[in-house]
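Residue strings, one per chain:
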Amino acid sequence: MSRVPAFVEARRSIRAFTAAPVDRALLDGLVEAACAAPAPHHSRPWRWVVVDTDAGKQALADGMGARWRRDLEDDGVTRARIDELVGASRRKLTGAPALVLGCLTWDGLDRYPDEARQRAEWGMALLSLGAAVENLMLAAADAGLASCWVAAPIFCPAAARDALGLDTEWLPHALVLVGHPDPGYTGRPRPPVPLDELRAHR
Ligand SMILES: Cc1cc2nc3c(=O)[nH]c(=O)nc-3n(C[C@H](O)[C@H](O)[C@H](O)COP(=O)(O)O)c2cc1C
């Protein structure tokens, strides 16, 4: 029998939505849940952009798509395959009722003169953003909403930022699709946790 609490079990990556929009007050509630996450030394290094207009979704998908296209060209991927990949990504983003973009900023973080500690500080902020995104998705599941984390902006933070005309200090690192779940969608069963491989005792 699973020992995972039901509220944790309830969050799944759901990638299919009905066409119904998501109420902005509900989306704001998800952002507030995100902001209840732990963060280093009482900072709040996250910024959030709710992208629920067609123009916003298209701008974000196009900005990140252009960057990805250039990366794939540099990798030597064929034109046909690039069109397929970038097109599928664009449809995923523009087809979701709402996107919540999680950004990091240096505001509130400590600065160090050396590279190693500076990197560790940014790493703490990234960990904290992950915790915040999990909060957001748990809150979405609790509200009966579907959500799915999409990796794209971490590969092209500046392109995502500029596509939406954000403050230069806001660096997008996490994207969550949010919507009402398509009742016909069935996700993959969650594989069991091989505890003895993943956990050690000392
Ligand atoms: C950092 C991160 C990036 C992810 N990127 C994507 C993505 O780009 N596209 C996607 O469909 N799912 C993405 N996922 C969702 C994972 O595929 C999903 O969490 C995993 O398959 C486990 O399924 P579950 O979330 O339903 O438990 C991402 C998850 C994380 C944590």
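Bear in mind the structure is a predicted one, so any value in this text is a computation, not a measurement.

Caption draft 1: Expanded view of the packing of helix α3 (residues 54-74) against helix α4 (residues 79-95). Between α3 and α4, whose axes approach to 9 Å, the crossing angle comes to 155°. When the axes of α3 and α4 are compared, the pair comes out roughly antiparallel. For the pair α3 and α4, the crossing hand works out as right-handed. Across the interface between the two elements, K57, Q58, A61, D62, M64, G65, W68, R69, L72 and E73 from α3 touch R79, I82, D83, L85, V86, S89, R90, L93 and T94 from α4. When its residues are assigned to classes, the contact of α3 with α4 shows 8 nonpolar, 4 polar and 7 charged.

Caption draft 2: Region of the structure containing α3. The end-to-end C-alpha distance of α3, which contains 21 residues, comes to 30 Å, matching closely the 30 Å that a straight helix rising 1.5 Å per residue would cover. Regarding α3, the residues found buried are G56, K57, L60, A61, M64, G65 and L72. Relative to the axis of α3, the buried residues are bounded by an arc of 145° and lie together on one face. Relative to its buried face, α3 has exposed residues pointing more than 90 degrees away, namely A55 and D74. The inward-facing, buried residues of α3 abut β1 (46-51), α4, β2 (98-104), α6 (157-163) and β4 (171-179). The first or second residue beyond α3 is G76, which carries a positive phi of 85°.

Conventions we followed
Residues numbered from 1 in each chain as written. Predicted model: local features only at pLDDT ≥ 70, side-chain atom pairs only at ≥ 80, totals over all residues. Heavy atoms only, no water. Axes fitted to C-alpha atoms, helices over the stretch in contact; angles between N-to-C directions. Helix = DSSP H or I, 4+ residues; strand = E, 2+ residues; numbered from the N terminus. Parallel < 35°, antiparallel > 145°, perpendicular 65-115°, else oblique. Left-handed = near helix turned anticlockwise from the far one by under 90°. Contact = heavy atoms within 4.5 Å. Nonpolar A, V, L, I, M, F, W, Y, C, P; charged D, E, K, R; others polar. Expected span 1.5 Å × (residues − 1). Buried < 20%, exposed > 50% of the residue type's maximum accessible area, 1.4 Å probe, protein only. Arc of directions from axis to C-beta.

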